[in-house]
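# Reading the structure
Listed below, chain by chain, are the residues.
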Amino acid sequence: MTLATQHSTGPVDAPVAPPKVIRQRRTRPGLLGLAVLLIALGGLGAAFAVTSVRATGSYLAVARPVEVGRVLGADDLVPVQVAGGQGLAPVPAARIRDVVGKRAAVSLVPGTLLTMRQLTEAPLLGAGQQQLSLGLPPSKVPARKLHPGDKVLLIATPAKNDDGAARGATRFPGTVIDTYTPKNGDVVVYLALTTRDVPAVVALAAQDRVALVLTEAA
């Protein structure tokens, strides 16, 4: 007698893994407070920056051209409202009495803000001095920008075919009063020279025999 044995071919259930327990992070009150404080400080900083940019003040601006050395009058100035002018160092409009009566140390251009560095109480020409202007190409100017009060030396250069003149070159000390750059690109330098030196410098300049040397910056 034959016995037939049936085997089950269905799937066998596998053991079930226990569920993972996720631990919740505890919120530290100190870190939360620090975050709130940083957000608050950031908001205050942004508000301060906006307020600084929008802050306006009344300052003095140049109303009309003022030549170097001319005494400043009240009609030469006009009050203007400027936003964020704290870093520009202009003269406040309330100090107009402090600037009226001073001399312009540089040429004042209409529409520009006035600063105390543009003014002086001393005369630009001392006793025994005269003013002279020299037109020079940029290659013969000793600095990218000459300023009023710079000390310079005018040196007579030798004439053509004169090799020995450079040894005993004549020198003339002077002081820069102002500069001007015309449209042709040259640089006009206004100088204060001793009266006795002016005729010789004029003659040398007519022959294009003057070299300008910066000896002391203002």
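Residues numbered from 1 in each chain as written. Predicted model: local features only at pLDDT ≥ 70, side-chain atom pairs only at ≥ 80, totals over all residues. Heavy atoms only, no water.

### Topic: the overall build of the protein chain
Secondary structure assignment for the protein chain yields three helices and nine strands. In the protein chain, the succession of α and β elements from N to C terminus is α-β-β-α-β-β-β-β-β-β-α-β. Counting every position in the protein chain, which comprises 218 residues, the buried fraction comes to 25%. Sequence-distant contacts, at least 24 apart, represent 65% of the contacts inside the protein chain between residues at least 6 apart. (Helix = DSSP H or I, 4+ residues; strand = E, 2+ residues; numbered from the N terminus. Buried < 20%, exposed > 50% of the residue type's maximum accessible area, 1.4 Å probe, protein only. Contact = heavy atoms within 4.5 Å.)

### Focus: the pairing of strand β1 (residues 56-62)
Among the seven residues of β1, five are classified as buried, and the element is accordingly described as predominantly covered. As paired strands, β1 and strand β2 (residues 77-83) are joined by seven bridges and run antiparallel to one another. Each bridged residue has a counterpart across the sheet, and for Gly57 the counterpart in β2 is Val82. (Pairing = 2+ DSSP bridges.)

### Here's the deal with the pairing of strand β8 (residues 187-194)
Burial of β8 is extensive: six of the eight residues sit out of reach of the surface. As judged from the eight bridges shared by strand β5 (residues 129-136) and β8, these two strands associate in the antiparallel manner. Pairing of Gly135 across the sheet is with Val188, part of β8. Of the pairings in the sheet, the one linking strand β7 (residues 171-180) to β8 comprises six bridges and is antiparallel in character. Residue Val176 lies in a different strand from β8, and its bridge partner there is Leu191. Where β7 folds back onto β8 in an antiparallel hairpin, the turn is made up of six residues, including Gly185, whose phi is positive at roughly 95°.

### Digging into helix α3 (residues 198-206)
All buried positions along α3 are accounted for by Val198, Val201 and Leu204. Looking down the long axis of α3, one finds its buried residues gathered within 130° of arc, a one-sided arrangement. Exposed residues on α3 whose side chains face more than 90 degrees from its buried face are Pro199 and Ala206. Buried residues along α3 sit against β5, β6 (151-156), β7, β8 and β9 (210-216). Positioned one or two residues after α3, Asp208 has a phi angle of 60°, which is positive. (Arc of directions from axis to C-beta.)

### Considering the nonpolar core
The biggest cluster of nonpolar side chains holds 19 residues, and the ones touching the most others in it are Leu134, Leu154, Val189, Leu191, Leu193, Val201 and Leu212. Of all elements in the fold, only β5, β6, β7, β8, α3 and β9 reach the threshold of two or more residues within this core. Of the residues forming this core, the biggest block, four residues, is contributed by β8. Within the second largest apolar cluster, 13 residues are counted, among which are Leu77, Val91, Val106 and Leu108. (Core = buried A, V, L, I, M, F, W, Y, C linked by side-chain atoms within 4.5 Å.)

### Comments concerning the side chain of Asp197
With respect to the helices and strands, the residue Asp197 is situated in the loop between β8 and α3. Among buried Asp, Glu, Lys and Arg side chains, Asp197 stands out as unpaired, with Arg196 the closest opposite charge at 4.1 Å. Ignoring anything within four residues of it in the chain, the contact list for Asp197 reads Phe172 and Pro173. (Lys, Arg positive; Asp, Glu negative; His and termini not counted. Salt bridge = Lys/Arg side-chain N within 4 Å of Asp/Glu carboxyl O.)

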